[in-house]
Amino acid sequence: MTDPTPAAPALLRLTLRAEPDVFLVRQRGREVAAAVGLEHQDQVRLATALSEIGRYLVVTLPEPARAEVAFSAALDSTPPTLVTEVSAVLPAGTSERTVAGALVLGRLVDSLSITPDGETTVIRMTRRIPSTANPLTPDRLAVIRDNLNASAASTPLEEMAEQNEQLLAALEETRAQRDELARLNEELAETNRGVLALYTQLSEELDETNRGVVALHAELEDRSVQLRAASEAKSRFLANVSHELRAPVTAVIGLTRLLLDPASDPLTAEQREQAELIRSSAADLLSLVNELLDLGKAEAGAIEPNWSDVELRAVFGQLRGTVRAMATRPEVALVVVDPDPPALIRTDEVLLTQVLRNLLHNGLKFTEHGEVRMTAEVDGDEWTIRVRDTGIGIPSELQERVFEEFYQVPGRGSPTGARGTGLGLPYARRLSRLLGGDLRVTSEPGGGSVFTVRLPVSPAP
Ligand code: ADP
């Protein structure tokens, strides 16, 4: 039998001879563990390890079996440990590895070593002693040793009762855990039900909203169909009325011309003046009717562009000639700048000429001094034609309105006294779009306006 630690004498020594001693060793081992301050779980672990070893030795050792058990505390290690040594003379041929293989102590102890010491084999186990407010000292160890050696071991029956009690406590704990688990499950189920209810409610709300959106969409669709129908009816009306008006107005003009013909019966000066008035009014009416007819046709989609490769310089040259006749005042210059050749564009020459003539006329109409200048430039696959004037300009909030039918900037006639219908710009924009482009304006009251026509060099078919 070897001393467990060189530093301190054993706290308790026991001898194991037969089966009942296993209980004794187990129980006293736990007492020692409790006395040095091991926690409850660790006390049970050490006791279990001791009964494993005890049972093994009782079966393995030859008769008369004998093993010495010694408990001691090693205070010099940090943290201090409880050292348990079981020493026995094993049957010849039993190696330490055989013992190690037979003893499955798992994590019951912190360290386990099986070493020979002469004839004897020493099984050494250690377990850390947790630090407490009242640390172990040699003096305290002496007291513990005295107490342990004074107290008698309990009988195997008592030990069994003790073990039973522990089992019951463990059972109780398991039960409590099971109840807690059931409660948690119930809570989880409750939460699930809540989430499901919320999900259902949200789904219903979403469905409801969706139905609303669908209804709104259908209503919008209806409205847009109605609007389209109304707009088509208006265009048809415009086209029909203006067509019907043209014949009588033309007749009135023809008749007044006849009246004024020197070959006809002579008129008094007053009659002549009145007939002139009728003729000029009828001419105004005819131009309005013609414009209405044009616009009506454009809106009804009745104008089909006649596409061809057009030389812009030719268009510009023609406009320079025809519009100049209108620019009779020396205060306003008409400048038409020819683009660099070759200035080709695929478009409808007649319609394009109408658009540009319209813009040039407006420029001249609304400019008192300065100039009206038309330029063109090509950038990639787009032509930009600008008609810029130094006229009265258009307030920014009205710059889109001038493209509405019959709209004329209120509170001012044209400075040149020319009258208008408010149909020129809407028609010009419509034609520009028909030609695959657009017409826009930028302007500054008092500073002049720039009307910009953008057209594709070659519109997509
Ligand atoms: P109209 O010239 O026959 O009145 P338009 O549709 O061509 O009709 O033009 C609408 C209105 O836009 C004009 O009455 C005028 O108030 C304004 N406007 C058009 N061109 C110019 C311009 N170059 N400068 C200033 N105002 C313009």
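All residue numbers refer to positions counted from 1 along the written sequence of the respective chain. Residue-level local features of this predicted model are given only where pLDDT is at least 70; pairs of side-chain atoms are given and counted only at 80 or more, and the full residue set underlies all totals for whole chains, interfaces and linings. Hydrogens are left out, water is left out, and the side-chain values use all remaining heavy atoms of the structure.

## A word on the side chain of threonine 452
Reasoning step 1: Take threonine 452: it is sitting in strand E12 (residues 448-456).
Reasoning step 2: Given the relative accessible area of 12%, threonine 452 is considered buried. Only DSSP runs of H or I covering at least 4 residues are called helices, and only runs of E covering at least 2 are called strands; the numbering of each starts at the N terminus. Burial classes: relative accessible area under 20% of the type maximum marks a residue as buried, over 50% as exposed, and values in between as partly exposed (1.4 Å probe, protein chains only).

## Structural notes on the nonpolar core
Reasoning step 1: Counting residues in hydrophobic clusters, the biggest one holds 46 residues, and the most contacted among them are Leu312, Leu356, Met374 and Ile385.
Reasoning step 2: For this core, the leading source of residues is helix H8 (residues 349-365), giving seven residues.
Reasoning step 3: Grouping buried Ala, Val, Leu, Ile, Met, Phe, Trp, Tyr and Cys residues that are joined through side-chain atoms within 4.5 Å yields what is termed a nonpolar core. One finds Leu16, Leu57, Ala73 and Leu105 within the second-largest nonpolar core, a separate group that totals 39 residues.

## Quick word on the sheet that holds strand E3 (residues 81-88)
Reasoning step 1: When DSSP locates at least two bridges between a pair of strands, those strands are taken to pair. Taking strand neighbours across the sheet as the criterion, the five strands line up as E1-E2-E3-E5-E4 in an open arrangement whose pairing is antiparallel. What marks the edges here is a single partner per strand, and that holds for strand E1 (12-16) and strand E4 (111-117). Sheet twist, expressed as the average angle between the axes of neighbouring strands with direction ignored, equals 20°.
Reasoning step 2: With eight bridges connecting them, E3 and strand E5 (residues 120-128) associate as antiparallel partners. Axis definition: a line fitted to C-alpha atoms, limited for helices to the stretch in contact. Angles are taken between N-to-C directions and run from 0 to 180 degrees.

## Thoughts on the pairing of E3
Regular strands show a simple pattern: their side chains alternate between the two faces of the sheet.
Reasoning step 1: Of all eight residues in E3, eight are buried; the element is thus mostly enclosed.
Reasoning step 2: The side-chain alternation of E3 yields two buried faces, one formed by Thr81, Val83, Glu85 and Ser87 and the other by Leu82, Thr84, Val86 and Ala88.
Reasoning step 3: Both strand E2 (residues 67-74) and E3 contribute to a ladder of eight bridges, which runs antiparallel. Bridge pairing in E3 links alanine 70 to glutamate 85.
Reasoning step 4: Between E2 and E3, which follow one another and run antiparallel, lie six residues.

## Remarks on the pairing of E5
Reasoning step 1: Of all nine residues that make up E5, seven are buried, and the element is covered over most of its length.
Reasoning step 2: The pairing of E4 with E5 spans seven bridges and is classified as antiparallel. When the bridges of E5 are listed, leucine 112 appears paired with methionine 125.
Reasoning step 3: Adjacent in sequence and paired antiparallel, E4 and E5 are bridged by two residues, among which glycine 118 carries a positive phi angle near 65°.

## Let's talk about the pattern of salt bridges
Reasoning step 1: Salt bridge criterion: a side-chain nitrogen from Lys or Arg within 4 Å of a carboxyl oxygen from Asp or Glu. Summed over all chains, the structure comprises 28 salt bridges.
Reasoning step 2: Measuring nitrogen to oxygen at the nearest pair gives 2.9 Å for the salt bridge that ties arginine 28 to glutamate 31. In this pair, arginine 28 and glutamate 31 are both assigned in helix H1 (residues 19-36), three residues apart and thus about one turn of the helix distant.
Reasoning step 3: A salt bridge links glutamate 404 to arginine 401, with the shortest nitrogen-to-oxygen separation between them at 3.1 Å.

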